[in-house]
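Below, each chain spelled out in residue letters.
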Amino acid sequence: MRYDDFLDADSLARYAAALNQRAGGGQIQLDDLRHLILDSGGRCAWCGADLRRVDFEVDHVQPLARGGAHVLANLALACWPCNRQKAAKSPIQFAQEQAVRGQRTPLVLRLLAAHGLDVLTQRTLFDPPSSSPPLSDDDEPPPYRW
Ligand SMILES: [Zn+2]
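Attention in this report is confined to the structure presented alongside it.

1. A few points about the coordination of the zinc ion
Coordination sphere of the zinc ion, protein contribution only: C44 (SG), C47 (SG), C79 (SG) and C82 (SG), at 2.3 Å. One can describe the site at the zinc ion as tetrahedral: its 4 donor atoms subtend angles covering 103 to 115 degrees at the metal. Going along the chain, you hit the donors of the zinc ion in the pattern C-x2-C-x31-C-x2-C. Across the pair, C82 and C79 agree in class, each one buried.

2. Some words on the pattern of salt bridges
Under the definition given, this model contains 7 salt bridges. The closest approach of N and O atoms between E57 and R84, which form a salt bridge, is 2.9 Å. Note that E57 is positioned in strand β1 (residues 56-60) and R84 in helix α3 (residues 80-86), a separation of 27 residues in sequence. Residue R84 is classed as partly exposed on the basis of its relative accessible area, which comes to 43%. Because the salt bridges share partners, they merge into one network encompassing D50, R52 and R53.

3. Regarding helix α5 (residues 106-114)
Note on helix geometry: an α-helix contains 3.6 residues per turn, so any two residues three or four positions apart are oriented the same way. Among all positions in α5, only L107, V108, L111 and L112 are buried. All buried residues of α5 project into a common sector of 130 degrees when viewed along the axis, lining one side. Turned more than 90 degrees away from the buried face of α5 sit A113 and A114, all of them exposed. The first or second residue beyond α5 is G116, which carries a positive phi of 70 degrees.

4. Here's the deal with the pairing of strand β2 (residues 75-79)
Looking along a regular strand, one sees side chains alternate from face to face of the sheet. Where burial is concerned, most of β2 is hidden: 5 out of the 5 residues are buried. Direction of pairing for β1 relative to β2: antiparallel, over a ladder of 5 bridges. Its bridge partner being in β2, H60 is matched across the sheet by L75.

5. Digging into the packing of aromatic side chains
By the definition in use, this model includes 1 aromatic pair. Ring centres 5.0 Å apart and planes at 70 degrees place the aromatic pair W46 and F94 in the edge-to-face group. In this pair, W46 is assigned in the loop between α2 (30-39) and β1 and F94 in helix α4 (residues 91-100), connecting sequence segments 48 residues apart. Comparing W46 with F94 shows no difference in burial state: the two are buried.

6. With respect to α4
Taken together, the buried positions of α4 are occupied by P91, I92, F94, A95, Q98 and A99. All buried residues of α4 project into a common sector of 160 degrees when viewed along the axis, lining one side. At the C-terminal side of α4, G102 shows a positive phi close to 95 degrees.

Conventions adopted
Residues numbered from 1 in each chain as written. Predicted model: local features only at pLDDT ≥ 70, side-chain atom pairs only at ≥ 80, totals over all residues. Heavy atoms only, no water. Donors = N, O, S within 2.8 Å, 3.2 Å for Na, K, Ca; no water. Tetrahedral: all angles 85-135°; square planar, octahedral: opposite > 155°, others 65-115°. Buried < 20%, exposed > 50% of the residue type's maximum accessible area, 1.4 Å probe, protein only. Salt bridge = Lys/Arg side-chain N within 4 Å of Asp/Glu carboxyl O. Helix = DSSP H or I, 4+ residues; strand = E, 2+ residues; numbered from the N terminus. Arc of directions from axis to C-beta. Pairing = 2+ DSSP bridges. Phe/Tyr/Trp six-rings, centres within 6.5 Å; stacked < 30°, edge-to-face > 60°.

What follows is the structure in structure tokens.
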């Protein structure tokens, strides 16, 4: 699915139904999916990739295989590569991997903070100096919404 699809109610409804079926049943509705997509700001929750240009998937932050719930609060938009790399890993493990790769999305930072892990300490210990350019105002990630 592409970010622009949020305008297409039929696509959203089909995607929600497929998502619920893959999860073995569930109540994710078209509007839930719409809110999830809009709240993402068009960015992958794990790496910040611009999802307006690439296909994305809906990721269970705590994987279903690890007892994660099939509820909106456990869902995040992810780019295809992130969803494949994460697979059934624990979210904190994948957040640590992303932090080491220099990814500091709101979700990564929230997961690290929730586990008492300091991203700055990790950066000092494991990261080479960042070569990524500073974010411009246009690239600011959207504020995390509870
Ligand atoms: Zn990603």
